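# Secondary and tertiary structure notes
Here are the chains, one letter per residue:
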Amino acid sequence: MVMTASSRAPQASGSSTNERSPFVRLNELLAPHQPGKPLISLAVGEPQHPVPDFVGPVLAKHIADFGRYPANKGTDPFRNAAGAWLSTRFKLPRPLDPESEILVLNGSREGLFLAAIAAARYVGPRPGKPAILMPNPFYPVYGAGALAAACEPVHLPTTVENGFLPDLDAIDEATLARTVAFYLASPANPQGSVARPDYFKRLKQLADRHGFVILSDECYSEIYTREAPGSALECAGPDFTRVVAFQSLSKRSNLPGLRVGFAAGDKRFIGMFLELRNIAAPQVPVPLQHVATVAYGDEAHVEENRRLYRIKFDLAEQIIGNRYGYRRPDAGFCVWLNTSGIGDDVSVTLKLFREAGVRVVPGSFLARQQPDGFNPGAGYIRLALVQDGETTAQALHRLVETLG
């Protein structure tokens, strides 16, 4: 494979501003201004659908368990429930062993961060500066994890030309040889693109050949309106070697405040990850794991969740139409709009806030600038369709009326 000379080739890059939270930067951008209409926020991907009915009773039943320290690996019922759910939901080579191949997390965010450090220990020395690869735009925790692991973040631009997934054939051999881990988000945030089995298989071949770990962020896998996304675990082989998937209840079950997720896959990696978490991470409270156990055993609330998002994407199709390059995402609840014909993404974000009272995120805040100045998020804005249907429709009408 040969890396192209294009500015869109993967490179380590970026200004220090992009090490900061895009939402802190958004707050600073909008702070001097007032919304032109009653504020509607489509900026933060915080689900606003109702919390499932079973949460309160399960917490009340197990309230006394707040009085003891939890084990870092997770309770047996939780890990069994997570394993059973994975086997039902995905076409796995074999069922995962809950004892050695599943690990509870304080939500996927904490796990994705610490996994970079665990990956560096798992892989060991690399020729040259160790690197961690990630899509661009990307979830900021990927970059933070790479830096914490003393690795060079290498950003792989995801654009409409490559289907908003990293171009695996554009990565040169020297970079792959020093790669420690590869963060992949499927479904992708912000574009909603989904990796197909052949993509996962190709990535697994590269991981096997070069000895790096695939850290597959699948937290949006249950938010889809048509075809259910697959998992990297389905193409990981019988021992799931060098593949670890991360899941969360935040999106699936409308429980962003519960902070419960899990990592599953490579037994040796999970063992090293547990050793790291035993000294570096807070345990997940047992009552919350009881809630999560019930959540992974119930699909009715998840289907209702999907139904509500389906309605909102139907609204988006009706209201936005073919403006701003709109396409219904394969999965997730974000809309990625190309507003470059109207103005740069920061000025469009300000215009929507000041004139329409709609809060969105500039795409350039979610991405990293390459050395030649190319930012694959520039010219886009991200909308998270997390509000109720009526509020979402109102926000989308305001957006179209304001941008034309």
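What counts, and at which threshold
- Residues numbered from 1 in each chain as written.
- Predicted model: local features only at pLDDT ≥ 70, side-chain atom pairs only at ≥ 80, totals over all residues.
- Heavy atoms only, no water.
- pLDDT = per-residue confidence, 0-100.
- Contact = heavy atoms within 4.5 Å.
- Helix = DSSP H or I, 4+ residues; strand = E, 2+ residues; numbered from the N terminus.
- Buried < 20%, exposed > 50% of the residue type's maximum accessible area, 1.4 Å probe, protein only.
- Core = buried A, V, L, I, M, F, W, Y, C linked by side-chain atoms within 4.5 Å.
- Axes fitted to C-alpha atoms, helices over the stretch in contact; angles between N-to-C directions.
- Parallel < 35°, antiparallel > 145°, perpendicular 65-115°, else oblique.
- Left-handed = near helix turned anticlockwise from the far one by under 90°.
- Nonpolar A, V, L, I, M, F, W, Y, C, P; charged D, E, K, R; others polar.
- Expected span 1.5 Å × (residues − 1).
- Bend = angle between axes of the 7 residues up to and from the residue.
- UniProt positions renumbered as here; feature names shortened; annotations may be inferred.
- Lys, Arg positive; Asp, Glu negative; His and termini not counted.
- Salt bridge = Lys/Arg side-chain N within 4 Å of Asp/Glu carboxyl O.
- Polar contact = N/O pair within 3.5 Å; in protein donor to acceptor, adjacent residues only side chain to side chain.

A few words on the confidence of the model for the protein chain. Confidence in the prediction for the protein chain averages 94 pLDDT; 96% of positions are at 70 or higher. In this model residues 1–9 is a low-confidence stretch, pLDDT under 50, and it forms 26 contacts with partners more than four residues away in sequence or in other chains.

What follows deals with the environment of L133. For L133, the location among the structural elements is in strand β3 (residues 131–136). Relative accessible area serves as the criterion here: at 0%, L133 is assigned to the buried category. With 62 residues separating them along the chain, L133 and A195 place their C-alpha atoms 16 Å apart. Among all residues touching L133, those that are not within four sequence positions of it are V154, L156, I171, T175, T179, A181, F182 and Y183.

With 50 residues, the main nonpolar core has L86, F182, L233, V260 and F262 as its most contacted residues. Ignoring anything within four residues of it in the chain, the contact list for L233 reads L86, L92, P93, L96, F240, V243, A245, A264 and G265. The next biggest cluster of nonpolar side chains, apart from the first, holds 34 residues, and it includes L105, L112, V141 and A149.

A pair of packed helices is characterised by two quantities: the angle between their axes and the separation of those axes. Orientation of helix α4 (residues 107–123) relative to helix α9 (residues 267–280), taken along the N-to-C sense of each, is 115 degrees, at an axis distance of 9 Å. Taken together, the axis directions place α4 and α9 in an arrangement best described as roughly perpendicular. Read as a crossing pair, α4 and α9 show a hand that is right-handed. Along the contact surface, α4 presents E110, G111, L114, A115, I117, A118, A119, R121 and Y122, while α9 presents R268, F269, M272, F273, L276 and R277. Here the residues of the contact of α4 with α9 sort into 10 nonpolar, 1 polar and 4 charged.

The subject of this paragraph is α4. Its 17 residues give α4 an end-to-end C-alpha distance of 24 Å, which sits within 8% of 24 Å, the value for a rise of 1.5 Å per residue. At A115, α4 shows its maximal bend, which comes to roughly 30 degrees. Taking burial as the measure, the 17 residues of α4 include 13 buried ones, the bulk of the element. Immediately downstream of α4, the backbone of G124 shows phi near 85 degrees, a positive value.

Moving on: the UniProt feature "domain: Aminotransferase class I/classII large" (unreviewed entry) in the protein chain. Within the UniProt annotation, "domain: Aminotransferase class I/classII large" (unreviewed entry) is assigned to residues 38–378. Note that residues 38–378 is 38% helix and 15% strand, and that its end C-alpha atoms are spaced 27 Å apart.

Within the element layout of this structure, K312 appears in helix α11 (residues 300–320). One buried charged residue, K312, forms no salt bridge at all, with the nearest opposite charge on D388 at 7.8 Å. Of note is the side chain of K312, whose polar atom sits 2.8 Å from the backbone oxygen of L385. Here K312 is in contact with H49, L385, V386, Q387, D388, G389 and T392, once residues within four sequence places are set aside.

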